[in-house]
Amino acid sequence: MSTAATTHASEPGALRWYRWLVWAGIIANFVIGIVSIAYTAQVLALARVDPATPLVWPRLSAMLVMLLAGFYIPAAVDPCAHRFAAVFAVVCRFAGTIFMAVAGGHYIIFALFDFIFGAPQAICLYLAWERMRAAAEGRAPRGRIVAVLASLLALAVFAWGAFQWLMAPILPSFASDEEYFKYGSIGNDGASGIPYPLWVAMPEVCAHHLPRPQGYAAFGLLYERGRNPAVDSPVGFSRATVGVERMSINCAVCHTVRARLTPDAEPQLYFGGAANTVDIQGYQRFLSRCAADDRFTADHLIPAMAAKTDLSWLDRLTYRFVLIPFVRKRLLEQGESFAWANRRPAWGPGRIDPFNPVKFGMLRLADDGTIGNSDMQAVWNLNAREQIRSPAPLHWDGLNNSVREVVISSALGDGAVAKEFNYPAMERIERYLRALPPPPSPHRPDPAAVERGKIVFAANCAECHASGGRRTLTEIPVAEVGTDINRSNMWTEAARDSYNNYREGRDWGFKSFRKVAGYVAEPLNGLWLNGPYLHNGSVPTLRDLLEPPAQRPVAFVRGLDVLDGRNGGFVAPPCDPRQPPAEGFCFDTQVVGNANGGHVYGTTLSAPEKADLLAYLLTF
Amino acid sequence: MTDALSIGWTRAQAATQHTVYRRVLGFALIVQTLFSLVALAAPVWLTRAADLPGTPSAGWVRLWGIMLLITAILYLPGWIQPVYSRWPNVVGIIARFVLAVTYFWLGRGLRWFGLYELVLALLLAWSYAQLVRAELMSRP
C-alpha cells in the first residue's frame, strides 16, 4: 500500500489523469448498467436505439457492460504495473467505439460513450508514456502538440458522432404491411423530409398559394376517416424523426385511389390503385412558392406552428435561426431543380412525369426537351402479372421488368438516399404489392349484356388484354397502337444506360432498365378504378375509348372521384381549358403530350356491340 | 525424502498447472472469440439456430457479440501471465458464474450458454486454484 502511495505521489500528472479517467469509466459503466437494468425501456427511449422485445437483450448488454468494467480495474489501480491492462483498456474502448460507429444508426450513442472515455485515456496514456521515457532519457518531455492535435481531433470526431446520432432516423413501426405502405418510410426522410411543425403551418401561412382553402387536401392528398387534415398525415406520407420530426412522401401518395359510387356517398380509398386526385406537381410547386413568399419567416411561421404543435423555447430558437432558413433554402433549390417542368404542360391530378425528374436530377442528364407526362399506374396484382408473363414489363413503356428494381428505383425517384435506405422496408412494400388484389368492381351491368360482351371482348380485345392473351403484357409498338408518342420518347437509351450504371451511395444492382419503343398491353384488373384511360389519361371513360379519336372529348375535368357507372371510369364533365373548373383540373387533349388519338380497337364496332362490350368491361 | 519435499510442490508441478490453466482458458477464449464473430457476422441466423429469446433486432445480438469479444481481449493479460495478472482471471471466473446465472434466468436457448459458462467457470476456478496453490507451494 505504501509502495502504491509512493508511486502515485510521484507519477506524472498525465498518468494520474489516466487513472482517474479509467475510474470514471468504470463508475460510468456501473451506473449505466444498473440504471439500464432498472429502467430499460426509458433508457432505450432516451438513447433512441432500436426497440427490443423482450427487454432481456438490453439488460444482458447492461450486465456485460458492468462485467467489462471489472476488467478495467487493474489499469485504474496501477497502470505501470499492469501495462497490458492499461493499453487494453484503451484499445477496448476504441474497439467498442469503432464497432458501434460502423453499426451506425442510434447505436452510435454507445460509440460516443466509449469514445468519451477512450479518447482522453489514450491521450493521457500517451503523454504519461512520453514523459516517463523523457525522464529515463534525461530530456525534456515532448508530445504536447500531438496531444493538443489529438484532443482537437477527438472533439471533432465526438461532434460528428453526436450529429450522426441526432440525425439517425427514428422510424415508427407498423404492424401490417398495408399500414407500412400507407405511412412507412422509404428512406427519404432525412434527405427530403420537411420538419413536421413547418409542414402543418405552411398551408396556413401560405394559404394564398393554395388552389382552394382546404389545406393539403386542395392538392387531392387523401386522409383516412377519423384523421384530422389540419394536423394528421395524409395517406402517402411518412412521419419519421431525423433530428426533428419530418414529413416525406412514400409510394402510396401516387398509388392510392379515391372513389365513390354517387356524389353523396362516403369516398372510399383503394390502396395500390392509380391516384386520381393527387396533384403532386401542384403540391411541389406550393412548397417552393411558399418558401419564396415574404411570409416564409419565423415571425409568421412560428405562431402558426405553435398553434398546431408543441414548441419549446429551444424549438422556437432552433426553428427561427436554423431550420426555417435551412428549409427555405432547400425548398427553393428544389423548385429550381424542377424549373424544367415549368417549360412543359402541367401534370394535373393523377398524372406525373415519372422519369424526367430522375433523368435531370439524380442521373444528371441534360434536359432533352422530352415530355413524359402520364397517368399514374395501379400497382396491384404484381404476382398475377408474373403468372401471365415472366418477367413482366412494368411502367407504361415496360422500361423495367424487375419488381425489385422498380420498387427501389421508385423510392430513389421519391428522394430516397443510400445512407437512409432500408432494404427490409423495400421488401415489405414489394411483398405487399405482389399479393395485393384489385378490388372487385361494384358496377352491376345487365348480365345478358355482359355475356354478349364477353364474346365481343374475346374477338376484339382478348389478344392484348386477357390474362391468356398472346400479346398481353408485351410492348405494342407506338406506330401500331397510335397513342401519344411523347411518353415513349421520354425514356431514352442514355437514361437506360445511366440508370443501369447508377452507383450513387452504393451499388444498387440495377440491370433491368431497357428501352422499348412501345406501350405495354396491360391486363384489365381493376379497370373500373383506372380511368381516365390510355397511358396519358387522355380519354375520360371506357365509352369514349370505344369512339374514334375525333369523337373523343377534347377537354374534360380530371381529379374527380365520383364513379361513372354508365360509361366506366370517373365522372369527367367537359370543360374550357381557359377557365379552371371549380373542382378538379381541366385536361386539354390538344396540349403536347396529352393527345387522345390511337388505340382505335373496337371503335368500328356497332353500337349494340359497343354497349355489350362496355357492360362486360364494367365488371373488371 | 526430506520434510521440505514432502510438503512442497516442485516447479515442474507448478509449470504443469500453469499449462493446464492456460490451455483451459485459451480454449475458452477461442470459443468466445469465434462465438462473438458469429454473433457479429450472422446475428439473425444465430438467433434462430440457438433459439435465443424474443425476436431482437440484429443490433442487440451484435452488441452482445462485440462485448464478448472485448471481454476476451481484456482477458488476454490473464492468459499471458496468469500468475502475475491475477485480476483478469479472478474477475473472469466470477463473471462467468454471473453470466451462467443470467443466461439460466433469461431462458430458452441461452440456458445452453449458461450451462457452458457454468462448466467453464468451474473448470477455470478449479485449475486456477490449483495453479495458485502450486505456485505458492513451489516457492521457497
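Because the structure is a prediction, the values reported are computed rather than measured.

1. Digging into the overall build of chain B
(1) Moving on: Across its full length, chain B carries six helices and zero strands.
(2) Moving on: Each helix and strand of chain B, ordered N terminal to C terminal, gives the series α-α-α-α-α-α.
(3) Moving on: Burial statistics for chain B: of 140 residues in total, 38% are counted as buried.

2. Let's talk about the overall build of chain A
(1) Moving on: Regarding its fold elements, chain A presents 24 helices and eleven strands.
(2) Moving on: If one aligns the C-alpha atoms of chain A with their principal axes, the spans along those axes are about 115 × 55 × 45 Å.
(3) Moving on: Expressed as a percentage of its 620 residues, the buried residues of chain A come to 46%.
(4) Moving on: For chain A, long-range pairs separated by at least 24 residues make up 71% of all intrachain contacts whose partners lie at least 6 apart in sequence.

3. As for the sheet that holds strand 3 (residues 244-249) of chain A
Hydrogen bonds between backbone groups are what pair the strands of a sheet, and the pairing can be parallel or antiparallel.
Residues and elements named next belong to chain A.
(1) Moving on: What the three strands build is an open sheet, ordered 1-3-2; its pairing is antiparallel. Only two strands of the sheet have a single neighbouring strand rather than two, namely strand 1 (194-195) and strand 2 (237-242).
(2) Moving on: As judged from the two bridges shared by strand 1 and strand 3, these two strands associate in the antiparallel manner. Bridge pairing in strand 3 links P195 to R246.

4. Quick look at the interface of chain B and chain A
(1) Moving on: On the side of chain A, 28 residues touch chain B, which itself brings 27 residues to the contact.
(2) Moving on: Secondary-structure elements contributing two or more residues to the side of chain B that touches chain A are helix 4 (58-80) and helix 5 (86-106) of chain B.
(3) Moving on: Partitioning the side of chain B that touches chain A into residue classes produces 19 nonpolar, seven polar and one charged.

5. A closer look at unusual backbone geometry
Residues and elements named next belong to chain A.
(1) Moving on: Note that the residue after S390, namely P391, is joined by a cis bond; omega there is 0°.
(2) Moving on: You can see P391 is positioned in the loop between helix 15 (382-388) and helix 16 (403-413).
(3) Moving on: The backbone of N381 sits at a positive phi, close to 65°, despite the residue not being glycine.
(4) Moving on: Inspection of the secondary structure assignment puts N381 in the loop between strand 7 (374-375) and helix 15.

6. A word on the nonpolar core
(1) Moving on: With 105 residues, the main nonpolar core has L198, V253, C254, L301, I429 and L617 of chain A as its most contacted residues.
(2) Moving on: Of the residues forming this core, the biggest block, seven residues, is contributed by helix 10 (residues 196-205) of chain A.
(3) Moving on: The contact partners of L198 of chain A, leaving out residues within four places of it in the chain, are L301, M305, I324 and V327 of chain A.
(4) Moving on: In this structure, L15, A75 and A86 of chain A together with L74 of chain B belong to the second largest nonpolar core, which totals 78 residues.

7. Topic: the pairing of strand 3 of chain A
(1) Moving on: Where strand 2 of chain A and strand 3 of chain A come together, six bridges link them in antiparallel fashion. Within the sheet, the bridge partner assigned to F237 of chain A lies in strand 3 of chain A and is I249 of chain A.

8. Observations concerning the packing of helix 5 (residues 83-103) of chain A against helix 6 (residues 108-137) of chain A
Two numbers describe a pair of packed helices, the interaxial angle and the distance between the axes.
Residue and element names in this part refer to chain A.
(1) Moving on: The interhelical angle for the contact between helix 5 and helix 6, taken along N-to-C directions, is 150°, at an axis separation of 8 Å. Taken together, the axes of helix 5 and helix 6 lie roughly antiparallel to each other. Regarding helix 5 and helix 6, the two cross each other, and that crossing is left-handed. Listed contacts from helix 6 to A86, A89, V90, R93, F94, G96, T97, M100 and A101 of helix 5 are I108, F110, A111, D114, F115, F117, G118, Q121, A122 and L125.

9. Topic: the packing of helix 12 (residues 298-308) of chain A against helix 13 (residues 313-337) of chain A
Residue and element names in this part refer to chain A.
(1) Moving on: Packing of helix 12 against helix 13 leaves a shortest axis separation of 11 Å and a crossing angle of 135°. Judged by the angle between their axes, helix 12 and helix 13 are oblique. The handedness of the crossing between helix 12 and helix 13 is right-handed. Judged by residue contacts, A298, L301, I302 and M305 of helix 12 engage R316, Y319, R320 and I324 from helix 13.

10. Side note on the confidence of the model for chain A
(1) Moving on: For chain A, per-residue confidence averages 92 on the pLDDT scale, and residues scoring 70 or more make up 97% of the total.
(2) Moving on: In this model, residues 1-6 of chain A is a region of pLDDT below 50 whose contacts with residues beyond four sequence positions or in other chains number one contact.

11. Some points on helix 5 of chain B
(1) Moving on: Under the 1.5 Å per step criterion, the end-to-end length of helix 5 of chain B is 30 Å for 21 residues, consistent within 8% with the ideal 30 Å.
(2) Moving on: Looking at helix 5 of chain B, one finds that the buried residues are P88, N89, V91, G92, I93, A95, R96, L99, A100, Y103 and L106 of chain B.
(3) Moving on: For helix 5 of chain B, the elements touching its buried residues are helix 4 (56-77) of chain A together with helix 4 and helix 6 (110-137) of chain B.
(4) Moving on: Positive phi shows up at G107 of chain B, right after helix 5 of chain B, with a value of about 85°.

12. Some details on helix 4 of chain B
Side chains three or four residues apart in an α-helix point the same way, a direct result of the helix having 3.6 residues per turn.
(1) Moving on: An ideal rise of 1.5 Å per residue puts 33 Å on 23 residues; helix 4 of chain B measures up with 33 Å between its terminal C-alpha atoms.
(2) Moving on: By the largest-angle criterion, L74 of chain B marks the main kink of helix 4 of chain B, which is about 30°, and a proline, P77 of chain B, follows within four residues.

13. Comments concerning the environment of F71 of chain A
(1) Moving on: Along the chain, F71 of chain A turns up in helix 4.
(2) Moving on: What F71 of chain A contacts, discounting residues up to four positions off in sequence, is T71, L74, P88 and V91 of chain B.

14. A look at the environment of P445 of chain A
Residue and element names in this part refer to chain A.
(1) Moving on: Its place among the elements puts P445 in the loop between helix 17 (423-435) and helix 18 (447-460).
(2) Moving on: It is 8.5 Å that separates the C-alpha atoms of P445 and G565, two residues lying 120 residues apart in sequence.
(3) Moving on: Apart from residues lying up to four places away in sequence, P445 is in contact with V450, A615, L618 and T619.

15. Observations concerning the confidence of the model for chain B
(1) Moving on: Here chain B shows a mean pLDDT of 83. Residues at 70 or above account for 89%.
(2) Moving on: Interface predicted TM-score (ipTM) for the complex: 0.81; the corresponding pTM is 0.76.

16. Some details on the environment of V44 of chain B
All names here are of chain B.
(1) Moving on: For V44, the position within the fold is in helix 3 (residues 43-49).
(2) Moving on: We classify V44 as exposed; it has 12 C-beta atoms within 10 Å.
(3) Moving on: For the pair V44 and G59, spaced 15 residues apart in sequence, the C-alpha to C-alpha distance is 9.7 Å.

Criteria and thresholds
Each chain has its residues counted from 1, running along the sequence as written. Chain A is the first chain written and ligand 1 is the first ligand written, with later ones labelled in order. Local features in a predicted model are, by the rule used here, given only for residues with pLDDT of at least 70; side-chain atom pairs are given and counted only at 80 or more, and totals for whole chains, interfaces and linings are based on all residues. Put simply, DSSP marks the helices as runs of H or I at least four residues long and the strands as runs of E at least two long, and each gets a number from the N terminus on. To sort residues by exposure, count the other C-beta atoms lying within 10 Å of each residue's C-beta; 20 or more gives buried, 12 or fewer gives exposed, and values between give partly exposed, all with C-beta atoms placed from the backbone. Any pair of residues counts as being in contact when their C-beta atoms, constructed from backbone geometry, are within 7 Å of one another. We treat two strands as partners when DSSP finds at least two bridges between them. Nonpolar residues are Ala, Val, Leu, Ile, Met, Phe, Trp, Tyr, Cys and Pro. Charged residues are Asp, Glu, Lys and Arg, and all others, Gly as well, are polar. Joined through C-beta atoms within 7 Å, a set of buried Ala, Val, Leu, Ile, Met, Phe, Trp, Tyr and Cys residues constitutes a nonpolar core. With axes taken as lines fitted to C-alpha atoms, and helix axes fitted only over the stretch in contact, angles between N-to-C directions fall between 0 and 180 degrees. Note on terminology: angles under 35 degrees are roughly parallel, angles over 145 are roughly antiparallel, angles of 65 to 115 are roughly perpendicular, and the others are oblique. Helix crossings fall into two classes, left-handed where the near helix is turned counterclockwise from the far one by less than a right angle and right-handed where it is turned clockwise. For every residue, the predictor assigns a confidence score, pLDDT, that lies between 0 and 100. The span expected for a helix works out to 1.5 Å for each residue beyond the first. What is called the bend at a residue is the angle between a pair of axes, fitted to the seven residues leading up to and ending at it and to the seven starting from it.

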